[in-house]
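# Remarks on the overall topology
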Amino acid sequence: MSAPTTRPPQPPQLPETSSDVLVGPPAQTLREAVAEYRARLAGGDIGLLSAVLGLIALLAFFSILEPDTFTTTRNFANLMNQAAGVAFISMGLVFVLLLGEIDLSAGFLAGTAGAILGVTLSDGAPWYLAVAACLGTGAAFGLVVGLLVAYLRIPSFVVTLAFFLGLQGVLLAVIGEGGTIRISDSVILAVNNRNLSPVLGWVFVGVVVLGYVVAGYVARRRRAATGLPLSSAAVFWGGAVVLAVVLGLLAYLFNLERAVNPEIVSLRGIPIVVPLAVVFIAGLSFVLTRTSFGRHVFAVGGNAEAARRSGINVAGTRVACFVISGSLAAVGGIIIASRDNAVSPTTGGGETLLFAVAAAVIGGTSLFGGRGTIIGAVLGALVVATIRNGLPLIASGSAIIFMVTGLVLLLAATVDALSRRRGTTG
Amino acid sequence: MTPTIRLRGIQKSFGAVQVLRGVDLDAHPGQVTALVGDNGAGKSTLVKGIAGIHPFDGGSYEFEGQAVEVTSPKQASQLGIEVVYQDLALCDNLDVVANMYLGRESRTGIALDESSMERKAAETLAGLRVRTLKSVRQAVSRLSGGQRQTVAIARAVLWNSKVVILDEPTAALGVAQTEQVLALVRRLAESGLAVIVISHNMNDVLSVADSVAAMYLGRMAAQVPAAGVSNSDVVELITAGRSTALGVGVRDEVTA
């Protein structure tokens with residue numbers, strides 16, 4: 001038995017040839033970047049386009065129809081708080097959807113974890129212990145689902161459908177029939193109700209823009225040091241400017257006074273949940289696109305057999321994704337509980353899960369696995385929340401809301417299916 | 001010269017079905033060994049055993065003269081054994097670099113070291129005199145069949161490999177692309193690798209191989225030098241398990 005050692009990658013020593021045709025991103029100039037993006041769209045990879053265009057169209061639509069009620073800073077702040085719960089659950093779902101799996105239990109897992117949070121807080125535990133218990137609950141249920149899916153190979157649809165039913169019971173059992181648990185902890189309540197001070201808001205914008213520029217600049221320097229050509233500088237700096245303008249505009253608008261009676265209580269600043277979401281977007285995007293684990297998630301979703309033959313721990317990757325999904329559902333539970341000031345047997349129920357799936361799909365995550373982004377899921381959550389927020393202003397009754405949201409999900413899934421077909425035949 | 005891979009008396013069963021019954025095989029460095037045999041003769045099972053996907057039940061497996069027990073694909077790749085499967089085992093949604101480094105990504109700290117991976121991937125492709133790829137950052141879904149085959153082979157040689165096993169590398173290719181891939185196979189052997197090629201195409205086998213190993217019903221009918229072997233000799237070995245012209249073949253009493 002010989003002891004195998006890890007071999008460093010060593011390309012075979014073959015004649016020196018000009019390799020510059022091969023290296024580098026496909027697009028090195030702005031013109032090439034545009035051409036490359038159009039080719040990607042034509043190839044079926046719509047990415048963030050549908051979410052961004054959808055959001056702009058919806059904002060314009062409601063602003064024209066309801067300028068006085070929809071287009072107010074107070075309503076936009078509301079929109080952020082309404083979107084937050086679904087956004088966090090959706091970020092977790094991206095991991096599961098990337099595998100080509102589904103998690104139908106995420107909504108009620110959010111409710112159950114939120115109930116655990118409420119119960120531990122009611123028992124007098126400090127907020128951080130309650131949050132830990134809540135996250136632990138989410139991770140533990142995610143682990144069980146993941147083990148059943150990864151090792152017994154029960155379809156995730158069935159496993160999570162069982163948990164969807166079972167967790168409703170667990171939620172009832174934790175809360176007690178017909179009851180609700182009030183949340184009174186000021187830290188938990190602050191998460192999805194309070195705002196940053198205007199100064200802190202500007203600091204936040206500065207940190208995000210600076211972070212984007214520094215991270216991008218360091219990556220470009222490192223690439224340049226390796227002797228590789230860089231992608232278009234115009235695209236990079238253009239992205240930084242767009243980011244700065246959009247965030248700056250948001251900070252400015254949110255820092256305006258939006259209270260009905262400012263003399264009684266002032267209401268201004270970026271909702272705290274926004275920077276919280278940005279931290280999660282940055283962290284989870286890093287995990288998905290810059291680590292081996294993230295690469296393996298895409299590989300398992302793209303071709304599980306190829307991943308297995310490459311020595312990737314396919315089952316372990318699947319379990320980890322369900323644990324992440326469960327944990328983020330728990331975060332979503334905290335956000336929803338904070339918003340509602342309470343946990344009830346319907347927390348995380350109703351349309352929560354479907355909205356989260358819709359958010360991910362609208363944001364360009366494929367239901368067939370192998371394609372998706374975290375930021376897309378968050379933009380998708382904003383799209384869904386905008387529909388949810390704007391429609392009642394122009395149409396009465398929840399009937400129309402359900403139908404429209406259902407249609408939007410169907411539309412997104414259709415785009416996904418069609419783009420997949422173009423991608424494979426192209 | 002010590003063979004890179006030396007198998008003796010290899011046994012493998014799936015449940016009650018005995019697929020391999022005492023198979024011998026030698027693969028020498030710098031040589032192309034063609035593995036031929038009819039459907040169900042056990043070629044794929046043999047290759048999967050060498051690669052650690054379905055470990056052998058019995059027999060001796062020597063790698064560079066040392067007895068080894070290969071029980072996982074990771075272990076096989078650590079020894080320097082790479083397999084290019086017929087379906088190529090590429091992830092369509094990932095780019096060329098990501099596919100070449102799949103499961104063995106270079107990192108700096110916890111982050112992927114994309115720059116060094118991209119540079120080495122490009123160097124390897126250039127070293128194989130691959131000119132048909134526009135960029136190593138293209139998604140594999142956008143490549144042609146020949147380009148995909150090239151990426152899969154380049155992935156196999158990226159790792160300072162000692163053995164490269166190719167499963168039907170030309171089955172899905174046209175005439176020109178087949179020529180290119182066969183030339184690539186010869187180049188791999190000339191750079192000192194032990195190359196094992198599974199093929200059904202007798203012309204491919206005889207044009208590229210130094211040694212022909214013919215399997216018959218789970219046994220090795222014969223492993224003979226390719227020089228001086230005719231097309232019909234190989235066909236006879238595959239279909240009857242013996243060759244009267246060469247005076248080799250399985251004997252019926254060798255039923256293990």
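All right, on to the packing of helix 8 (residues 198-225) of chain A against helix 9 (residues 233-255) of chain A then. When two helices pack together, their arrangement is given by the angle between the helix axes and the distance between those axes. All names here are of chain A. As a packed pair, helix 8 and helix 9 sit with axes 10 Å apart at the nearest point and diverge in direction by 170°. One way to sum up the angle between helix 8 and helix 9 is to call them roughly antiparallel. Contacts between helix 8 and helix 9 involve P198, G201, W202, V205, V208, V209, Y212, V213 and G216 from the first element and F236, A240, L243, A244, L247, G248, A251, F254 and N255 from the second. Looking at the contact of helix 8 with helix 9 residue by residue, the classes come out as 14 nonpolar, four polar and no charged.

Below, the discussion takes up the sheet that holds strand 1 (residues 5-14) of chain B. All names here are of chain B. In space, the four strands of this open sheet follow the order 2-1-4-5, with antiparallel pairing throughout. Whereas interior strands pair on both sides, the edge strands pair on one side only; in this sheet they are strand 2 (17-27) and strand 5 (66-67). With eight bridges joining them, strand 1 and strand 2 adopt antiparallel strand pairing. Residue Q11 lies in a different strand from strand 2, and its bridge partner there is R21.

Within a regular strand, side chains alternate between the sheet's two faces. All names here are of chain B. Counted along the chain from strand 1 to the antiparallel partner strand 2, the turn is two residues long, and its residue G15 has a positive phi close to 60°. The pairing of strand 1 with strand 4 (residues 58-63) spans five bridges and is classified as antiparallel. Bridging across to strand 4, Q11 finds its partner in G58.

In this section: the domain arrangement of chain A. Residue and element names in this part refer to chain A. Taken domain by domain, chain A holds domain 1 (49-194 + 271-416) and domain 2 (195-270). On a C-alpha basis, the centres of domain 1 and domain 2 stand 24 Å from each other. Facing the ten residues of domain 1 at the interface are nine residues of domain 2. At the level of elements, helix 3 (73-98) and helix 10 (273-290) are the ones that each hand at least two residues to the side of domain 1 that touches domain 2. Of all the elements, helix 3 adds the most residues to the side of domain 1 that touches domain 2, at four residues. Broken down by class, the residue content of the side of domain 1 that touches domain 2 amounts to seven nonpolar, one polar and two charged.

Now for the sheet that holds strand 10 (residues 194-198) of chain B. All names here are of chain B. Strand order in the open sheet formed by six strands is 6-9-10-3-11-12, with mixed pairing between adjacent strands. Two strands close off the open sheet at either side, each with one partner strand: strand 6 (81-84) and strand 12 (219-225). Direction aside, the axes of adjacent strands within the sheet are offset by 20° on average. Looking at chain direction, strand 6 and strand 9 (residues 163-167) are connected through four bridges and run parallel. Among the inter-strand pairings, I81 is bridged to a residue of strand 9, identified as V163.

Residues and elements named next belong to chain B. The backbone of L88 sits at a positive phi, close to 70°, despite the residue not being glycine. Relative to the assigned elements, L88 resides in the loop between strand 6 and helix 3 (96-100). What makes L88 buried here is the crowd of 20 C-beta atoms within 10 Å. Its identity is not glycine, yet L217 carries a phi of approximately 50°, on the positive side.

The predicted model of chain B has a mean per-residue pLDDT of 87, with 98% of residues at 70 or higher. Scored as a complex, the prediction yields pTM 0.87 and ipTM 0.85.

This next bit is on the domain arrangement of chain B. Parsing chain B into structural domains produces domain 1 (5-80 + 161-254) and domain 2 (89-146). Domain 1 of chain B and domain 2 of chain B are separated by 28 Å when their C-alpha centres are compared.

As judged from the two bridges shared by strand 4 of chain B and strand 5 of chain B, these two strands associate in the antiparallel manner. Bridge pairing links E62 of chain B to A67 of chain B in strand 5 of chain B.

This part takes up helix 4 (residues 114-127) of chain B. Residues and elements named next belong to chain B. In this model, helix 4 (14 residues) spans 20 Å end to end at C-alpha, consistent with the 20 Å of a helix rising 1.5 Å per residue. Across the 14 residues that make up helix 4, a large majority, eleven, are buried. For helix 4, the set of buried residues is E114, M117, E118, R119, K120, A121, A122, T124, L125, A126 and G127. Looking one or two places after helix 4, you find R129, whose phi comes out positive at around 55°.

Parameters at a glance
Residues numbered from 1 in each chain as written. Chains lettered and ligands numbered in written order. Predicted model: local features only at pLDDT ≥ 70, side-chain atom pairs only at ≥ 80, totals over all residues. Axes fitted to C-alpha atoms, helices over the stretch in contact; angles between N-to-C directions. Helix = DSSP H or I, 4+ residues; strand = E, 2+ residues; numbered from the N terminus. Parallel < 35°, antiparallel > 145°, perpendicular 65-115°, else oblique. Contact = placed C-beta atoms within 7 Å. Nonpolar A, V, L, I, M, F, W, Y, C, P; charged D, E, K, R; others polar. Pairing = 2+ DSSP bridges. Domains from an automatic or database assignment. Buried ≥ 20, exposed ≤ 12 C-beta atoms within 10 Å, placed from the backbone. pLDDT = per-residue confidence, 0-100. Expected span 1.5 Å × (residues − 1).

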